[in-house]
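Understanding the architecture of this molecule
Listed below are the residues making up each chain.
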Amino acid sequence: MISKRYKKYKNFGKCLEISNGTVKALVTVDVGPRIIFYGFKGFNFMFEDTERQIFQEGEFFDRNYRPGEKWFIYGGHRLWKAPEDWASYTPDNYPVKVVRLENGAEFYSRTNEVTGLIAGMKVLMDEDGSLEITHSFKNVGEEPVRLSLWALSVLRPGGTEVIPMNCEDTGFLPNKNLVIWPYNDLKDKRFSLRERFSLLKQSKKADRPFKIGMNNLHGWAAYFAGGNLFVKKFPVEEGIYQDMHCNFETYTSNLMLESESLSAERTVLPGERTEYVENMYVFKDVQTDLSDESAIAATMKSLNLF
């Protein structure tokens, strides 16, 4: 049975806790929304920026919002608009609307003054503790908005992300892409590109960020951390994607790692709403040899998710 209750969590204010008794998710209500906690008692897969170390401020925010307004990452899982620009950094430092449901709830931000969009997340927990997250944008402005829905899971430090590579035989044509950001060091030891999987390690000692993107036709990514495992699954849609045709991107710094999926581009007309669904899973005590691709494949197959 899935339980729900409001509780204060650290300095994130009031949150709605959704739990099956073993796995729990906490969604912020005073700010966000963010899924600020997803995991087990005493173990959160999500990064929590309790010190408010990651933020944006400046002339754009002073001019379009309030003088001195800041965007805070807060941590956790969030919805953004792609392509990334200043309007992506919508300050969401205000209470959200909550509609409680049998196995979860819907959470809606207030209207973005710049884009005319209302961001929403419907978070439902299954009896096994997995989450179904329906991300949405509603256009309440006067102009059409061309966008991709961008689902970013900001994960705790110290883990290793596993991303499946496209391996189909396409004959004379290429079968995979790899998109590089300008601040990357191509010799960065945190990232390894292999035949069946690529791996990205989060390091607290890193002195620069690293980000890659790709067209992930498998529709999943995993994060091994603290002897446990986080998996996210997402749809592979037909259409045009942002950032040189990426439906998956990942970023890491010395603080955290982001595992990011994107929808194909779509135009949202005034009054319309568009949705994008992602599923999340957590598993306790999952050990595998990350240097062995066969071991990784066997571990992922054993989860019965694919």
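As a reminder, the structure under discussion sits directly above these lines.
Structural notes, computed from the coordinates. Note that this is a predicted model, so its numbers are computed, not measured.

Cut-offs and rules
- Residues numbered from 1 in each chain as written.
- Predicted model: local features only at pLDDT ≥ 70, side-chain atom pairs only at ≥ 80, totals over all residues.
- Heavy atoms only, no water.
- 1 Å grid on protein atoms, 1.4 Å probe; cavity = no way out; pocket = protein on both sides within 12 Å on 5 of 7 lines; lining within 4 Å.
- Points joined across faces, edges and corners; volume = space filled by probe spheres on them.
- Helix = DSSP H or I, 4+ residues; strand = E, 2+ residues; numbered from the N terminus.
- Nonpolar A, V, L, I, M, F, W, Y, C, P; charged D, E, K, R; others polar.
- Patch = residues over 30% accessible without salt bridge, like charges linked within 9 Å, V, L, I, M, F, W, Y side chains within 5 Å.
- Areas by Shrake-Rupley, 256 points an atom, 1.4 Å probe, with all protein chains shown as cover.
- Salt bridge = Lys/Arg side-chain N within 4 Å of Asp/Glu carboxyl O.
- Phe/Tyr/Trp six-rings, centres within 6.5 Å; stacked < 30°, edge-to-face > 60°.
- Buried < 20%, exposed > 50% of the residue type's maximum accessible area, 1.4 Å probe, protein only.
- Lys NZ or Arg CZ within 6 Å of the ring centre and 35° of its normal.

**Details of empty space enclosed by the protein**
- One pass over the full model with this rule turns up one cavity of 30 Å³ or more.
- Estimated volume of the largest cavity: approximately 330 Å³.
- Around the largest cavity sit 27 residues that line it, and L79, T90, D92, S109 and A119 are the ones nearest its centre.
- Within the residue set of the lining of the largest cavity, elements represented by two or more residues are β8 (76–82) and β11 (117–125).
- For the lining of the largest cavity, the per-class residue count stands at twelve nonpolar, nine polar and six charged.

**Thoughts on a nonpolar patch on the surface**
- A contiguous nonpolar surface patch, about 390 Å² in accessible area, is contributed by L178, I180, L186 and L193.
- Within the secondary structure, I180 is located in strand β15 (residues 179–180).

**Considering the packing of aromatic side chains**
- A full pass over the atoms with the stated rule returns 20 aromatic pairs.
- Geometrically, the ring pair formed by F72 and Y74 is tilted, given 5.8 Å between the ring centres and 50° between the ring planes. Of the two residues, F72 and Y74, neither departs from the other in class, the shared state being buried.
- We note K14 situated over the ring of Y6; from NZ or CZ to the ring centre the distance is 4.8 Å.

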